[in-house]
Every structure is written in structure tokens, then in C-alpha cells.
Amino acid sequence: AEDACKDQEVEFTNTTLTPNSGGAWNFGEGEGFVWNFGDGTEEVASNDETVTHTYTEVGDYNVTLTVTKSGIIKVASKTVTVSEIPVAEFNYNGTEALTDITFTATNAGDGANYTWNFGDDTEGTGLSCKHQYALPGEYTVTLTVTRNGCSSTAERAIAVVEKESGAAIEPE
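What counts and what doesn't
- Residues numbered from 1 in each chain as written.
- Predicted model: local features only at pLDDT ≥ 70, side-chain atom pairs only at ≥ 80, totals over all residues.
- Heavy atoms only, no water.
- Pairing = 2+ DSSP bridges.
- Helix = DSSP H or I, 4+ residues; strand = E, 2+ residues; numbered from the N terminus.
- Buried < 20%, exposed > 50% of the residue type's maximum accessible area, 1.4 Å probe, protein only.
- Polar contact = N/O pair within 3.5 Å; in protein donor to acceptor, adjacent residues only side chain to side chain.
- Contact = heavy atoms within 4.5 Å.
- Salt bridge = Lys/Arg side-chain N within 4 Å of Asp/Glu carboxyl O.

*Asks:* Explain the sheet that holds strand E1 (residues 3–5) to me, please; I cannot follow it from the model alone.
*Replies:* Backbone-to-backbone hydrogen bonds join strands into a sheet, with any given pair of strands oriented parallel or antiparallel. Strands sit in the order E1-E7-E6-E3-E4 across an open sheet of five strands; the sheet is mixed. Since the sheet does not close on itself, it has two edges, and those belong to E1 and strand E4 (44–45), each with one partner. Of the strand pairs in this sheet, E1 and strand E7 (residues 72–83) are connected by three bridges, and their pairing is parallel. Bridge pairing links Asp3 to Thr81 in E7.

Pasting the structure below:
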């Protein structure tokens, strides 16, 4: 893991090679792997191939993996950047079929990507999108916002009605 999202579990993989080319590590008392996630939480001793951790604050963290074997200590480190999960919210104007309906997302900041699914097998991208529905009906519109590798989704049901004809019939 090099990028992570605040309040989401991150998986770290120990890629340390065994001294005997692929065999199992044979650890004695006081030997093994220790993870330090760089955020002030307690270190984790684990000889498993993967460990998980959840960061509760945005920032850059120096993660270290220390192996102790036969009195020798080796340390590997990597910086993990933890980002805020963007908020996916949107509004729309209009509900008539065969008419442009504008969908507008709340701005999630620089570098954010917006992907729209209009619920009728069509998609769009961008902070704002125009879309026309061919037929009246209920559609589920889904917005996915991604920023710095973190994403969130918002869904809203939209009831599309038949377009007003504009013609008036006078009573006799």
C-alpha cells in the first residue's frame, strides 16, 4: 500500500524473502516481524504475509517493517499517503423525458474525477453533465467521485415524466 483512504482498512504485504530462498522462516524466541504504521498506534508483531491497519487522520506516514533473526535486525520502510474520502453529492434540474436534464456534483476539490451512471445504460463524466431520457420512468442515477485513489458513491432515484406538449385544447 502506498496510498490509503482515511477510515478505511489498508492491507500491507510482507515481501521479505526468506534466507533459504522461499522456505519458511524459522523464528526463535524474540525473533520475527514487527510493523510500525507511523501514526502513534501500537506496533504489531506478525509473521503473517499480510496485515491490515486503519488510519484515522489524513497525512503522510512512514511505515516500517522490522525483522529480527539470529541477532540481526533489518528494517524496510515505505511512505503511505492517507487521503480524505471525497463526498459524493449531486443535484439535478428537470424531470421531463426528451429534454436536457443537468446533473451537477458538489465540487470535491482539485484532481477529483466524476463518473455518472444515468440508470438507462448510459454514462457521463465531469462535474456537471447533461442527459436526456428517451422514455418516462424511474431511473437510479449514480455518481462516483474519486480523488487521490479514494472514492465514494451517491445514488438518487429520479422520476422522469412525459414531456409537456405545449399544446392546449380549448373546451367547447
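*Asks:* Please explain the side chain of Ser152 as it appears in this structure.
*Replies:* Here Ser152 is to be found in strand E14 (residues 150–160). Look at Ser152 and you get buried, because its relative accessible area is 16%. At 2.5 Å, the side chain of Ser152 and the backbone oxygen of Pro86 are in polar contact. Setting aside anything within four residues of it in sequence, one finds Ser152 in contact with Ile85, Pro86, Val87, Ala88, Leu143, Thr144 and Val145.

*Asks:* What is the right way to read the pattern of salt bridges from this model?
*Replies:* Two side chains with opposite charge may pair up if their charged atoms get near one another. Applying the stated criterion across every chain, the model contains two salt bridges. Here Glu84 ties to Lys6 by a salt bridge, and the two come within 3.8 Å at their closest N and O atoms. In this pair, Glu84 sits in the loop between E7 and strand E8 (90–93) while Lys6 sits in the loop between E1 and strand E2 (9–13), placing the two residues 78 residues apart along the sequence. Its salt-bridge partner being Glu31, residue Lys69 comes within 3.6 Å of it at the nearest N-O pair. With a gap of 38 residues between them, Lys69 in strand E6 (residues 59–69) and Glu31 in the loop between E2 and strand E3 (32–36) connect regions that are remote in the sequence. Owing to a relative accessible area of 23%, Lys69 belongs among the partly exposed residues under this scheme.

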